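Residue-level structure breakdown
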Amino acid sequence: MTGEITLRGKVLPVGGIKEKILAAKRAGITDIMLCEANEKDINEIPEIYRKGVNFHYVKDVQDVWAYALTDEKVKDAIDLTITEEKEPKKE
């Protein structure tokens, strides 16, 4: 994900998109989420740099949550559930 978010949750466009795409590709990232206003920047980048990358354009933080947060379980995930501790018995 790249961008800025206002206090009200609106996602704002950022610069340096081409460089960010190249860095993401080098890191093996195949999905990039960015502000919908940056779509024009993507269209100006040659296809060779965009190949193999899926772009997801968002308007606000709710769009980000809808895409980024899933119910998918990770294999061998650590259970971080907090349980209430019981008071030790008084003797």
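Here, the structure is the one placed above.
These lines cover the structure that appears in this document, whether it is placed above or below. (Residues numbered from 1 in each chain as written. Predicted model: local features only at pLDDT ≥ 70, side-chain atom pairs only at ≥ 80, totals over all residues. Heavy atoms only, no water.)

Some points on the overall build of the protein
Applied cut-off: Note on conventions: DSSP H or I runs of at least 4 residues are helices, E runs of at least 2 residues are strands, and numbering of each starts at the N terminus. Burial here depends on accessible area, computed with a 1.4 Å probe over protein chains only, as a share of the maximum for the residue type. Under 20% is buried, over 50% is exposed, and the range in between is partly exposed.
Looking only at helices and strands, the protein has 4 helices and 4 strands in total. The order of helices and strands in the protein, counted from the N terminus, is β-β-α-β-α-α-β-α. A burial count over the protein gives 21% of its 91 residues as buried.

Examining the nonpolar core
To keep it simple, the criterion reads: By convention a nonpolar core is built from buried Ala, Val, Leu, Ile, Met, Phe, Trp, Tyr and Cys residues, the set being connected through side-chain atoms within 4.5 Å. Here, residues are in contact when the closest pair of their heavy atoms is within 4.5 Å.
Counting residues in each nonpolar core, the largest one holds 10 residues, listed as Val14, Ile17, Ile21, Ala24, Ile32, Leu34, Ile42, Ile45, Val53 and Phe55. When contributions to this core are tallied by element, the ones reaching two or more residues are α1 (17-26) and β3 (31-35). With 3 residues, α1 is the single largest residue contributor to this core. Setting aside chain neighbours within four positions, we find Ile21 in contact with Ile32, Ile42, Ile45, Tyr49 and Phe55. Among the nonpolar cores identified, the runner-up in size contains 5 residues, and Val11, Met33, Val58 and Val64 belong to it.

A word on the pattern of salt bridges
For clarity, the threshold we go by: Here a salt bridge means any side-chain nitrogen of Lys or Arg lying within 4 Å of a carboxyl oxygen belonging to Asp or Glu.
Tallying each qualifying case throughout the model produces 2 salt bridges. One salt bridge in this structure joins Asp41 and Lys40, with 3.5 Å as the shortest N-O distance. Where Arg50 meets Glu47, a salt bridge forms, and the shortest distance between an N and an O atom there is 3.3 Å. Here Glu47 and Arg50 lie together in helix α3 (residues 47-50), a separation of 3 residues that amounts to about one turn. Under the relative-accessibility criterion, Glu47 is labelled partly exposed at 47%.

Section: the environment of Ile45
Position of Ile45 relative to the elements: it lies in the loop between α2 (39-43) and α3. Judged by relative accessible area, which is 7%, Ile45 ranks as buried. Placed 15 residues apart in sequence, Ile45 and Asp60 show a C-alpha to C-alpha distance of 24 Å. Those residues in contact with Ile45, other than ones at most four positions away along the chain, are Ile17, Lys18, Ile21 and Arg50.

Looking at α1
The line we're drawing: In this context, the arc is that of the directions from the helix axis out to the C-beta atoms.
Every buried residue belonging to α1 is among Ile17, Ile21 and Ala24, and all of these are buried. Down the axis, α1 shows its buried residues gathered within 65 degrees of arc, on one side only. Of the exposed residues in α1, those oriented more than 90 degrees away from the buried face are Glu19 and Arg26. Two residues or fewer past α1, Gly28 is found with a positive phi of approximately 85 degrees.

Brief notes about the pairing of β3
Here is the rule we go by: A strand pair is defined by DSSP finding two or more bridges across the two strands.
In terms of burial, β3 is a largely internal element, 4 of the 5 residues being buried. As judged from the 5 bridges shared by β3 and strand β4 (residues 54-58), these two strands associate in the parallel manner. Residue pairing across strands places Asp31 opposite Asn54, the latter belonging to β4.

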